[in-house]
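Here is how the chains run, residue by residue.
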Amino acid sequence: VTPQEDIVPCEASGQYLWIQTLGRGYVQMCEVEIYPLESSLCDEGTTCDPNTVCTRPNGVDECSDCISGTYVVGGSCEEIPNLARSCGPSGDTACFATQSSQEGGFEASRAVDGSTNRDIWGGSCMLTVADSSPFWVTDLGSVKTISSLRVYFRDSYQSRMAGFQVLLSSTPDRNDAVSCYSAPLGVAPPVEAEVECDAPGRYLWIVSPGAFVQVCEVEVFPPPSAVCLSDMQCPSNSTCTRTADGHTCSCLPGFTGFVDDGSATGTCVPLPNLARSCGIGGSEDCPATQSSQEGGFEASRAVDGS
């Protein structure tokens, strides 16, 4: 039974405060009172930059470093961009997404529509039909350096996503994808999951060992060091890193080539695979052998490019 008056501890920073119920139902209340930490009570004349917090740790007003989810650039704190919604010519639209199958109108684009509503009937969740190998994937537009994800799952049937994985690839072929995160098997994930995924990739996959994939929103974040100002552009297959003097562009792992200082005229080309660079023209599979062979599983299959 919910008490008529409740005190809820919530030690965090934020601009918007939400009250919601899990699943379908009602929200009803008569008053909400919100209190700061005593140590954050600064004098009325003290002002801090946006995305910082004023505190009084020793009775003296101090402005904090940038709060979580922001980074320092140009002397101010800016929000870290969500790469899943940084596509298009202006870098401000949702990236393309698709999925292995679709249940009703629960399409892939709903997981990058900017809404974190976790009610499956709220018009902002994707859902596959029962499948032997279900997946959801988004194309970030080019290979990006990724640091973490925030995944909002459906607020019911969460056990369907137990053991989910996050994969990254530079091509749209799932066979080329490598895992950067695996959730514990047999444990339902939280409705809002913070996922560490420190790797480069263009295509980001969410797969499930079960029969369904159901996700309401996926937010993809780069490391703060990779966030450059909007007018600092780097070529495809490279990453931008902020420095004290501005920024530098560098090729991602697996690519090589000259990269300029940001005019996007340089190129990063894939490094050659030496195991498939044999023969007169350097374009044939290299000979391979093995200690023994089971059936038709010969050594050459390990250098066939698949």
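Preceding this section is the structure that the text describes.
Residues numbered from 1 in each chain as written. Predicted model: local features only at pLDDT ≥ 70, side-chain atom pairs only at ≥ 80, totals over all residues. Heavy atoms only, no water.

Engineer: Can you break down the packing of aromatic side chains residue by residue, with the values?
Structural biologist: For the structure on display, the rule yields four aromatic pairs. Pairing Phe-106 with Trp-121 gives two aromatic rings, centres 5.8 Å apart and planes at 65°, and the pair type is edge-to-face. Here Trp-121 lies in the loop between strand S5 (96-99) and strand S6 (126-127) and Phe-106 lies in the loop between S5 and S6, a separation of 15 residues in the sequence. Given the relative accessible area of 59%, Trp-121 is considered exposed. (Phe/Tyr/Trp six-rings, centres within 6.5 Å; stacked < 30°, edge-to-face > 60°. Helix = DSSP H or I, 4+ residues; strand = E, 2+ residues; numbered from the N terminus. Buried < 20%, exposed > 50% of the residue type's maximum accessible area, 1.4 Å probe, protein only.)

Engineer: Outline the nonpolar core, listing residues and values.
Structural biologist: In terms of nonpolar packing, the biggest core is built from 30 residues, with Trp-136, Leu-149, Leu-204, Ile-206, Val-215, Val-218 and Val-220 touching the most fellow members. Elements represented by at least two residues in this core include exactly strand S7 (135-153), strand S8 (165-169), strand S10 (192-207) and strand S11 (214-221). Once residues lying within four places of it in the same chain are set aside, the contact partners of Ile-206 are Pro-134, Phe-135, Trp-136, Val-151, Met-161, Phe-164, Gln-165, Val-213, Val-215 and Val-218. With seven residues, the next largest nonpolar core counts Phe-135, Leu-167, Ala-177 and Val-207 among its residues. (Core = buried A, V, L, I, M, F, W, Y, C linked by side-chain atoms within 4.5 Å. Contact = heavy atoms within 4.5 Å.)

Engineer: Can you explain the pattern of salt bridges? Please cite residues and give values.
Structural biologist: In the structure shown here, the tally under the stated rule is five salt bridges. Here Arg-150 and Glu-192 are joined by a salt bridge, their closest N and O atoms 3.8 Å apart. Linking Arg-150 in strand S7 with Glu-192 in strand S10, this pair joins segments that are 42 residues apart in sequence. Judged by relative accessible area, Arg-150 falls into the partly exposed class, the value being 22%. Look at Glu-192 and you get partly exposed, because its relative accessible area is 35%. Here Arg-276 makes a salt bridge to Asp-285, at a shortest N to O gap of 2.7 Å. Taking the relative accessible area as the measure of exposure, Arg-276 reaches 34% and is therefore partly exposed. One network of salt bridges, in which partners are shared, links Arg-150, Glu-192, Glu-194 and Glu-219. (Salt bridge = Lys/Arg side-chain N within 4 Å of Asp/Glu carboxyl O.)

Engineer: Mind laying out the side chain of Ser-101, listing which residues take part and the relevant values?
Structural biologist: Examined against the element boundaries, Ser-101 turns out to sit in the loop between S5 and S6. A distance of 3.2 Å separates a polar atom in the side chain of Ser-101 from the backbone nitrogen of Val-129. Non-local contacts of Ser-101, meaning those with residues more than four positions away in its chain, are made with Leu-127, Thr-128, Val-129 and Asp-131. (Polar contact = N/O pair within 3.5 Å; in protein donor to acceptor, adjacent residues only side chain to side chain.)

Engineer: Give a detailed account of a negative patch on the surface, specifying residues and quantitative values.
Structural biologist: Residues Glu-5, Asp-6, Glu-31 and Glu-33 make up a contiguous surface patch of negative charge. By the secondary structure assignment, Asp-6 is in the segment before strand S1 (54-55). Looking at Asp-6, the relative accessible area reads 55%, which means it is exposed. (Patch = residues over 30% accessible without salt bridge, like charges linked within 9 Å, V, L, I, M, F, W, Y side chains within 5 Å. Areas by Shrake-Rupley, 256 points an atom, 1.4 Å probe, with all protein chains shown as cover. Lys, Arg positive; Asp, Glu negative; His and termini not counted. Charge placed at Lys NZ, Arg CZ, Asp CG, Glu CD.)

Engineer: So what's going on with the state of the cysteines? Residues and values would help.
Structural biologist: Using the criterion set out here, one finds five disulfides in the structure. A sulfur-sulfur separation of 1.9 Å characterises the disulfide bridge that pairs Cys-278 with Cys-286. Classification of the bridge connecting Cys-278 and Cys-286 rests on its S-S torsion, roughly 90°, and on that basis the disulfide is right-handed. Residue classification places Cys-278 among the partly exposed positions, given a relative accessible area of 25%. Classification of Cys-286 by relative accessible area gives buried; the value is 16%. (Disulfide = S-S within 2.5 Å.)

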